[in-house]
Amino acid sequence: MTDPADIVIMNANEVLTLGGASDAPKTDKQMNDLGIIQGGAVAIKDGRIIDIATNNEIHNRYVVDALEMIDADGGVVMPGFVDPHTHAVFGGSREKEFEQRLEGKSYLDILKEGGGILSTVRATRGLSVEELVAVSGTHVEKMLLHGTTTAEVKSGYGLNLDEELKILGAMGRLNEIHPLEIVPTFLGAHAVPKEFAGDKEGYVAKVLAMLPVVKDSGLARFCDVFCDDGAFSVEDSRRILTKARDVGLGVKLHACEFKDLGGAYLAAELGAVSVDHLDHVSEDGIRTLAMGDTVGVLLPGVPFFLMQENEAPARRMIEMGLPVALGTDFNPGSCPSVSMQIIVTLACLEMGLTPAQAICASTINAAHAVGLGRHVGSLETGKKADVIVLDIPSHKHLPYQFGVNHVDVVVKAGRTVVENKRAVWK
Ligand code: NIG
Ligand code: FE
């Protein structure tokens, strides 16, 4: 007789375990191996996975005593998506800029004129922390309904100490009231605020001074910098991230979204946990990254939404041994979608990933990109029970039937939070 389980998920056509990569992300050919158990089932207890095997085995071991049974009904069972790059806590929206861009204005021109990120800064500063928690809570709820169980979220719409702490505080509050696990990142160097217009140097000094306070607040795990044309230089980024590392924050970097300034080399030099975007990275930059432990986080929703030609050379990266993850970059300007399912489709269509590579990149590799590879991102005994059930017969249908939400059930840390596509945690 085995221990009784709290939850048993039965009758899957495929269980995608993504096992064997908790210590390091999957690279190259490993990314095509989803560790599929045909006709599999999963048992959960005390928030963790306690067994994963065939339907018959799990049935014999657990079904009689299980408190809750979830019928996957011939669908796919897989780890909850990990979204390793979002800017999900913000005020307002930018549909007017969407129209301007359709008329031919570029994203960076809109930013230069005081719109873009700076317009979201104005809208975010105008909200109280309670209001910010309420609007961001609606985004977090959508993420969960679409199967995202862990998401990294960046600040960066405050751009002064109090406002940045307000945003990070809102993330802390969201972590208490929503089941989705937020990994908080300080992105004080997202743009130069209007108070420092023409004085980037002065603002970099401010960000450097914010770092120890942010660290002491306990509200952030990582520090990120937007290193690109129209934002911060490699040298600015080096100063900020070196100090971030010294005060004890993990390091991430936005690089090569619009131009290759050499951010990939800086990420490698600093041993960043991830370097994100990489749409314009050089072959040599990829080679340098592949020698270290940094994960390349690719965000295909951004060039799609900004109508840009350049895509991160994902296939080359994988061939060259760089571990690749996928994220939404959910934000009001360059990708207002929370759906990791759509990102999986775009990664296949626009970057040439196989469905299996894209699923690996949005689960276990994405978990490594936020430093949580040992805890989430795969279905393995002892890991956190973050499990989703999709109403598709095989993982190949995930990118193929695009634009609809396939997630029926979400279990977060052993608790059923979405059932029949509806939130049930409230
Ligand atoms: O990752 N590149 C900088 N930041 C975001 C966009 C934020 C915004 O437009 O509000 C990005 O694309
Ligand atoms: Fe971003």
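Quick look at the structure, then. (Residues numbered from 1 in each chain as written. Chains lettered and ligands numbered in written order. Predicted model: local features only at pLDDT ≥ 70, side-chain atom pairs only at ≥ 80, totals over all residues. Heavy atoms only, no water.)

This part takes up the pairing of strand 12 (residues 250-255). Burial runs high along strand 12: 5 of the 6 residues are buried. With 4 bridges joining them, strand 11 (residues 222-227) and strand 12 adopt parallel strand pairing. Residue pairing across strands places Cys 227 opposite Ala 255, the latter belonging to strand 12. Since strand 11 and strand 12 lie parallel, the crossover through helix 8 (residues 234-247) that links them has a hand, and here it is right-handed. (Buried < 20%, exposed > 50% of the residue type's maximum accessible area, 1.4 Å probe, protein only. Helix = DSSP H or I, 4+ residues; strand = E, 2+ residues; numbered from the N terminus. Pairing = 2+ DSSP bridges. Right-handed = clockwise from strand over helix to strand, strands pointing away.)

For a metal with four tetrahedral donors the ideal donor-metal-donor angle is 109.5 degrees, while six octahedral donors give ideal angles of 90 or 180 degrees. With distances of 2.1 to 2.4 Å, the protein atoms coordinating the iron ion (ligand 2) are His 85 (NE2), His 87 (NE2), His 254 (NE2) and Asp 329 (OD). Note on His 85: relative accessible area 0%, which makes it buried. (Donors = N, O, S within 2.8 Å, 3.2 Å for Na, K, Ca; no water.)

Looking at helix 9 (residues 263-270), one finds that the buried residues are Gly 263, Ala 264, Leu 266, Ala 267 and Leu 270. Within helix 9, the buried residues cover an arc of 160° as seen down the axis, which keeps them to one side. Elements that come into contact with the buried residues of helix 9 comprise strand 11, helix 8, strand 12, strand 13 (274-277) and helix 10 (283-290). (Arc of directions from axis to C-beta. Contact = heavy atoms within 4.5 Å.)

Turning our eyes to something else, we now look at the site of ligand 1. Around ligand 1 lies a shell of 15 residues, among which Tyr 107, Tyr 157, Glu 257, Asp 329 and Ser 334 are the nearest. Arg 94 is positioned such that a nitrogen or oxygen atom in its side chain is 2.7 Å from an oxygen atom of ligand 1. Note that an oxygen atom of ligand 1 is positioned 2.7 Å from one of the side-chain N or O atoms of Asp 329. When the free accessible area of ligand 1 is taken as 320 Å², the share hidden by the protein chains comes to 100%. Tallied by class, the residues present in the shell around ligand 1 amount to 4 nonpolar, 8 polar and 3 charged. (Near = heavy atom within 4 Å. Polar contact = N/O pair within 3.5 Å; in protein donor to acceptor, adjacent residues only side chain to side chain. Areas by Shrake-Rupley, 256 points an atom, 1.4 Å probe, with all protein chains shown as cover. Nonpolar A, V, L, I, M, F, W, Y, C, P; charged D, E, K, R; others polar.)

What follows deals with the packing of aromatic side chains. Scanning the entire structure with this criterion turns up 6 aromatic pairs. Judged by centre distance (6.3 Å) and plane angle (75°), the ring pair of Phe 90 and Tyr 157 falls under edge-to-face. A residue pair is termed long-range when its members are at least 10 positions apart, and Phe 90 in the loop between strand 8 (81-83) and helix 2 (95-102) and Tyr 157 in the loop between strand 9 (148-154) and helix 6 (161-177) qualify at 67 residues. Look at Phe 90 and you get buried, because its relative accessible area is 5%. Taking the centre distance of 5.5 Å and the plane angle of 55° together, the rings of Phe 196 and Tyr 203 count as tilted. For Phe 196, a relative accessible area of 18% translates into the label buried. Classification of Tyr 203 by relative accessible area gives buried; the value is 0%. Aromatic ring contacts, followed pair by pair, group Phe 90, Tyr 157 and Phe 330 into a single cluster. Its guanidinium or amino end placed over the ring of Phe 222, Lys 252 lies 5.4 Å from that ring's centre, counting from NZ or CZ. Between the NZ or CZ atom of Lys 426 and the centre of the ring of Trp 425, over which it lies, the distance is 5.5 Å. (Phe/Tyr/Trp six-rings, centres within 6.5 Å; stacked < 30°, edge-to-face > 60°. Lys NZ or Arg CZ within 6 Å of the ring centre and 35° of its normal.)

Purely geometric stuff here, so don't read any function into it on its own.
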